[in-house]
2 protein chains.
Amino acid sequence: MSAPPFDAAHLDRLMDEAGIDVLLATSKHNVQYLLGGHRALFFDYMDAIGVSRYLPAFVYPKGQPDRAAYIGHRIEGHQVQVAPLWPNTVQTKSWGATDSIEKAMAHVHGQGLSSGRIGVEMAFLPAISAETLRAAAPNAMVIDAAPMLDRLRACKSEHELSLLREASERVIDSMLAVLAAHGPGSTKREMAEALRREETDRGMQFEYCLIAAGKSHNRAPSDHRWEKGDVLSLDSGGNYRGYIGDIARMAILGSPDAELEDALAEIETVQRAAFAPVRPGVLGGEIYAGAEAALKKCKFKPIEFVAHGMGLATHEVPHLTSRGPTPYPDDDARRPLEPGMVLSVETTLMHPKRGFIKLEDTVAVTRAGFEVFADRARGWNRGADVAARPAA
Amino acid sequence: MSAPPFDAAHLDRLMDEAGIDVLLATSKHNVQYLLGGHRALFFDYMDAIGVSRYLPAFVYPKGQPDRAAYIGHRIEGHQVQVAPLWPNTVQTKSWGATDSIEKAMAHVHGQGLSSGRIGVEMAFLPAISAETLRAAAPNAMVIDAAPMLDRLRACKSEHELSLLREASERVIDSMLAVLAAHGPGSTKREMAEALRREETDRGMQFEYCLIAAGKSHNRAPSDHRWEKGDVLSLDSGGNYRGYIGDIARMAILGSPDAELEDALAEIETVQRAAFAPVRPGVLGGEIYAGAEAALKKCKFKPIEFVAHGMGLATHEVPHLTSRGPTPYPDDDARRPLEPGMVLSVETTLMHPKRGFIKLEDTVAVTRAGFEVFADRARGWNRGADVAARPAA
């Protein structure tokens, strides 16, 4: 066995608090985390196979990393040969959502834990797999382990921070490349597709591009054209080796007038006010307090502010608010920030006449305070004078 | 309401046979099919959000398309504005795996069907969503609708066939572009990454690249270098607007000797023997019978043959074999092929000394017989004399 790539003592404590004897993780992102970056290449994009689906299964008995196991699909065997995994037991023989859990539960049974408390990911364990689990372990108590795993991932290692920094930088570089090649008459669809290609060319997995142009607040790609004088909002997620860059920047065709300069300056002020209190030991809620003080002084309306942890998933610990679109308890607002936590900070003005104006940044809590990743291109970026020929 | 984009009478018959009163589809691929191509862009790659996940929900009461509903995530609203969906009820207000099902079941309840037989996708309904469903409809009978949906999708429309044809063509074009730029010293990892970029540049979503070089049968990307005289097997899935191109082709650095020419010719012969019987009305099993007759005459060993339906998923109706890696009943082997069915046909020689030699093709059943998509580049393609500088 190699050493686990995560803090096993921390996982043991969290399992103890959650009353879990054995963890059975089945989401791609948590399995990737627990295996130190492994992800089945064949199923990276798609899960469906026949009438079943790919389902990786990672088993971890509390306090016994030497008895951990990974059950992968039979097509993962070659990958594991190239880059061996840390658990003592690695099987790449499964096919779908049923036999994967049968094999995982056989391992649990072999550890004498099938009558214990099994922590699963209730949103990432298929209903058919839950039935398989119950049949294999009728006396087990099943507990949702997702909140505990979310917390395990909260403080990023230096390596994880470097991937998140790279992800942000590469999203910004991609956006600037798109702006340099698009101008009057370019459609939102063309620009979103160009961003997909730019991110891919930079070694990322493109996730999405929300894009608004002109006065419209609609952020879906469409045949809507970007024209002279129009604002453009680019908001994109790009995945770099499992870690998300999630950045929003603004652009314009021509020059911004005083009102647009003022509007973006106010958004920038709110962002900076949110960053300012960030350091270890400060309560998470101080980020909102900082932003809200700045929001009160804003003359533009309506402005929305939101901040939330991010990393492997678009929303993770720390969860700072129960307001807005994120239905979490705001318990992390009352907990201290810790070094290695990473936050997405977003300020959006839905200007009734000028359009959708937004900045979104990724901020890491450092020992000394904070670091803003890709802290550039924050003003009015310019589109090209002439649009490049659209991609085929 | 617009007309459903699928054959609603066919769905009604299949639901009747399966004893389903109301369908609740929650997989991305089946929801996409039932909505005529809609897919939430924000969640195209990733499902996780916080400790829950994205879960689209499509509701269809048997025989009543006018009472169908789609429950999407709140971020899908802009997409639906740009491209309206056909059901009378479209809500884009959900967040995760629980509230999505609450809203879907409220619609089911409103149709008076919450005590009926509800067809779900057991491998794509999360355990937590199954609990939500049971709480909302304690008297309902839950039935797995996945096999029925698989069958609904079996015969592709002209539009679907055109997407599958494009997908195959673009995968081949991408492979040829990779071969033109890679040669002695190129690693499998560099070539797999280059293929990802080539497919992306052709408007596809890259899915995977299995790649073997030299004598090794290992098909995972790695630092293994392609060198003069080495065979190279490229096997890639690329997704074009939801439809899969899945092709394998061979290449070599230098010129193939007589043994390699013979080996690939035998594989080609098996492929053609499998295609030959394909036409409407012929039993699916004839494909295997054709291939097996050819296999008996092969001098190279071991050769594996497999054929299976494909389209939105890598394995779908017709399921032709219970042998090999596909644990299905081979019932479609005893059913007639129908126009619009699409098959993936694969022949692989694991040559003990020369390496991994494979052809994989996509074949559609036409009214007159069959059509092989991207029927080219089937021989020994050549790599470049000099490798291009690897992509950053």
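Look a little higher up for the structure.
As the structure is a computational prediction, the values presented were derived from the model and not from experiment.

Criteria and thresholds
- Residues numbered from 1 in each chain as written.
- Chains lettered and ligands numbered in written order.
- Predicted model: local features only at pLDDT ≥ 70, side-chain atom pairs only at ≥ 80, totals over all residues.
- Heavy atoms only, no water.
- Helix = DSSP H or I, 4+ residues; strand = E, 2+ residues; numbered from the N terminus.
- Rg over C-alpha atoms; globule rule 2.2 N^0.38 Å.
- Buried < 20%, exposed > 50% of the residue type's maximum accessible area, 1.4 Å probe, protein only.
- Contact = heavy atoms within 4.5 Å.
- Areas by Shrake-Rupley, 256 points an atom, 1.4 Å probe, with all protein chains shown as cover.
- Lys, Arg positive; Asp, Glu negative; His and termini not counted.
- Charge placed at Lys NZ, Arg CZ, Asp CG, Glu CD.
- Buried area = accessible area lost by both parts, 1.4 Å probe.
- Salt bridge = Lys/Arg side-chain N within 4 Å of Asp/Glu carboxyl O.
- Polar contact = N/O pair within 3.5 Å; in protein donor to acceptor, adjacent residues only side chain to side chain.
- Nonpolar A, V, L, I, M, F, W, Y, C, P; charged D, E, K, R; others polar.
- Least-squares fit on C-alpha atoms with pLDDT ≥ 70 in both.
- Core = buried A, V, L, I, M, F, W, Y, C linked by side-chain atoms within 4.5 Å.
- Pairing = 2+ DSSP bridges.
- Axes fitted to C-alpha atoms, helices over the stretch in contact; angles between N-to-C directions.
- Left-handed = near helix turned anticlockwise from the far one by under 90°.

Peer 1: Help me out: how do you make sense of the overall build of chain A in this one?
Peer 2: Counting its regular elements, chain A contains 10 helices and 16 strands. By the compact-globule yardstick of 21 Å for 392 residues, chain A fits well, its C-alpha radius of gyration being 23 Å. Principal-axis analysis of the C-alpha atoms gives chain A an extent of 70 × 50 × 35 Å. For chain A, with 392 residues in total, the buried portion stands at 63%. Long-range contacts, defined as pairs at least 24 residues apart, comprise 69% of the intrachain contacts of chain A with a sequence gap of at least 6. For chain A, the accessible area works out to roughly 14200 Å², and carbon and sulfur atoms hold 51% of it. Both charge centroids of chain A, one from 44 positive and one from 51 negative side chains, sit 2 Å from each other.

Peer 1: How should I be thinking about the interface of chain A and chain B in this particular structure?
Peer 2: Frequently, the measure chosen for interface size is the accessible area removed from exposure when the parts meet. In this complex, chain A contributes 67 residues to the contact, which on the side of chain B involves 67 residues. Summing both partners gives a buried area of about 5500 Å² for chain A against chain B, and 61% of it is carried by carbon and sulfur. Looking only at chain A, the three residues that lose the most surface to chain B are Phe42, Tyr45 and Val51 of chain A, adding up to 14% of its buried area. Applying the counting criterion to the chain A and chain B interface returns zero salt bridges. For the interface between chain A and chain B, the tally reads 24 residue pairs in polar contact (both at pLDDT 80 or more). Elements supplying a minimum of two residues to the side of chain A that touches chain B: strand E2 (48-49), strand E3 (52-53), helix H3 (77-82), helix H5 (127-136), helix H6 (146-152), helix H8 (188-201) and strand E9 (205-213) of chain A. Here the residues of the side of chain A that touches chain B are counted per class, giving 33 nonpolar, 18 polar and 16 charged.

Peer 1: I tried to follow the relation of the copies chain A and chain B on my own but got confused; where do I start?
Peer 2: Of the transformation superimposing chain A on chain B, the axial component is 0.0 Å and the angular component is 180 degrees, with the fit at an RMSD of 0.0 Å. The transformation just described matches what one would write down for a two-fold rotation axis. Of the interface residues in chain A, 100% have counterparts in chain B that sit at the interface too, so the contact is made through matching surfaces.

Peer 1: Could you clarify how one ought to interpret the nonpolar core in this entry?
Peer 2: As a rule of thumb, soluble globular proteins bury nonpolar side chains together. In this structure, Leu34, Phe58 and Tyr60 of chain A together with Leu23, Leu34, Phe58 and Tyr60 of chain B are the most contacted members of the largest nonpolar core, which totals 144 residues. Sequence-distant contacts of Phe58 of chain A, defined by excluding residues within four places in its chain, comprise Phe6, Leu23, Leu24, Ala25, Val31, Leu34, Leu35, Ala68, Ala69, Tyr70, Trp86 and Pro87 of chain A. Counting residues in each nonpolar core, the second largest holds 37 residues, with Val270, Ile287, Leu337 and Leu343 of chain A among its members.

Peer 1: I tried to follow the sheet that holds strand E1 (residues 22-25) of chain A on my own but got confused; where do I start?
Peer 2: Adjacent strands of a sheet pair through backbone hydrogen bonds, lying either parallel or antiparallel. All names here are of chain A. Taken together, the six strands give an open sheet; going across it, the order is E6-E5-E4-E1-E7-E8, and neighbouring strands pair in mixed fashion. The open sheet has two free edges, formed respectively by strand E6 (89-94) and strand E8 (141-144), since each of these has just one partner strand. In this sheet, adjacent strand axes meet at a mean angle of 20 degrees when their direction is disregarded. Relative to strand E4 (residues 57-61), E1 is paired through four bridges, and the arrangement is antiparallel. When the bridges of E4 are listed, Leu24 appears paired with Val59. Together, E1, E4, strand E5 (69-73), E6 and strand E7 (117-120) form the strand contacts of helix H4 (residues 99-110), whose direction differs from that of E6 by roughly 155 degrees.

Peer 1: What should I look at first to understand unusual backbone geometry in this one?
Peer 2: Glycine aside, residues mostly have negative phi angles, and peptide bonds mostly take the trans form. Omega for the bond connecting Lys301 of chain A with Pro302 of chain A falls within 30 degrees of zero, at -10 degrees, which places this linkage in the cis form. With respect to the helices and strands, the residue Pro302 of chain A is situated in the loop between helix H10 (285-296) and strand E12 (303-309). With an omega of 5 degrees, the peptide bond running from Val317 of chain B to Pro318 of chain B counts as cis. Here Pro318 of chain B shows up in the loop between strand E12 (303-309) and strand E13 (342-351). One non-glycine residue, Arg241 of chain A, adopts positive backbone phi at about 50 degrees.

Peer 1: I keep staring at the sheet that holds strand E5 (residues 69-73) of chain B and nothing clicks. Help me out?
Peer 2: Residue and element names in this part refer to chain B. Sheet architecture is open: six strands sit in the order E6-E5-E4-E1-E7-E8, paired in mixed fashion. The sheet terminates laterally at strand E6 (89-94) and strand E8 (141-144), the two strands that pair on one side only. With direction set aside, neighbouring strand axes in the sheet form an average angle of 20 degrees. Across four bridges, strand E7 (residues 117-120) lies against E8 in parallel orientation. Looking across to E8, one finds that Ile118 is bridged to Val142. The strands touched by helix H1 (residues 8-18) are strand E1 (22-25), strand E4 (57-61) and E8; relative to E4, the strand with the most contacts, the crossing angle is about 80 degrees.

Peer 1: Quick question: what am I supposed to make of the packing of H4 of chain A against H5 of chain A here?
Peer 2: Any two packed helices are characterised by the angle at which their axes cross and by the distance between the axes. Residue and element names in this part refer to chain A. At a minimum axis separation of 9 Å, H4 and H5 run at an interaxial angle of 30 degrees. Along this stretch, H4 crosses H5, giving a crossing that reads as right-handed. On the side of H4, the interface is formed by Ile101, Glu102 and Met105, while H5 contributes Ser129, Thr132, Leu133 and Ala136. A per-class count over the contact of H4 with H5 returns four nonpolar, two polar and one charged.

By themselves, these figures tell us nothing about what the structure is for.
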